[in-house]
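Here are the chains, one letter per residue:
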Amino acid sequence: MTTETFTIPKISCKHCVMAVKNELLELDGVAGVDGDPETKSITVDFSAPVTRETLLSTLEEINYPAE
């Protein structure tokens, strides 16, 4: 299991966090997602077949690109 934190400038509220969380949890291999609108960050617990690149690509597709 890998845990990684991403900074996402477009996160401004708990609704944004939930939107990101719901999308990422649909990916096979994502075990958990937690977010904080104050720090504009999300933390993702994941394992194969999901990769960091998969997460970044998905965030881009849902219009919440990570920095």
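Up top is the structure these notes are about.
Residues numbered from 1 in each chain as written. Predicted model: local features only at pLDDT ≥ 70, side-chain atom pairs only at ≥ 80, totals over all residues. Heavy atoms only, no water.

## A word on the sheet that holds strand β3 (residues 41–46)
- Read across the open sheet, the three strands follow the order β1-β3-β2; overall the sheet is antiparallel. Looking at strand neighbours, the two that pair on one side only are β1 (2–7) and β2 (30–36), the edges of this open sheet. The sheet shows a mean angle of 15° between the axes of neighbouring strands, direction not considered.
- For β1 and β3, the ladder comprises six bridges, and the chain directions are antiparallel. The residue bridging Thr3 from the neighbouring strand is Asp45, located in β3.
- Against the sheet, helix α1 (residues 14–25) engages β2 and β3, with an angle of about 170° to β2.
- The sheet strands contacting helix α2 (residues 52–61) are β1, β2 and β3, and the helix crosses β1 at an angle near 35°. (Pairing = 2+ DSSP bridges. Helix = DSSP H or I, 4+ residues; strand = E, 2+ residues; numbered from the N terminus. Axes fitted to C-alpha atoms, helices over the stretch in contact; angles between N-to-C directions. Contact = heavy atoms within 4.5 Å.)

## A few points about the pattern of salt bridges
- Taken as a whole and judged by the stated rule, the model has one salt bridge.
- For Arg52, the salt bridge is made with Glu4, and the minimal N-O distance between the two is 2.4 Å. Remark: Glu4 occurs in strand β1 and Arg52 occurs in helix α2; sequence separation between them is 48 residues.
- By relative accessible area, Arg52 is classed as partly exposed at 36%.
- Look at Glu4 and you get buried, because its relative accessible area is 18%. (Salt bridge = Lys/Arg side-chain N within 4 Å of Asp/Glu carboxyl O. Buried < 20%, exposed > 50% of the residue type's maximum accessible area, 1.4 Å probe, protein only.)

## Let's talk about the environment of Arg52
- Sequence-wise, Arg52 and Thr3 are 49 residues apart; in three dimensions their C-alpha atoms are separated by 9.9 Å.
- Ignoring anything within four residues of it in the chain, the contact list for Arg52 reads Glu4, Phe6 and Phe46.

## Some thoughts on unusual backbone geometry
- The peptide bond linking Ala48 to Pro49 adopts the cis configuration, its omega dihedral lying at 15°.
- Examined against the element boundaries, Pro49 turns out to sit in the loop between β3 and α2.
- In this structure, Lys40 takes a positive phi of about 55° despite not being glycine.
- Looking at the element boundaries, Lys40 is found in the loop between β2 and β3.
- Residue classification places Lys40 among the partly exposed residues on the basis of a relative accessible area of 31%.
- One non-glycine residue, Asn63, adopts positive backbone phi at about 70°.
- Of note, Asn63 is situated in the segment after α2.

None of this, on its own, says anything about what the molecule does.
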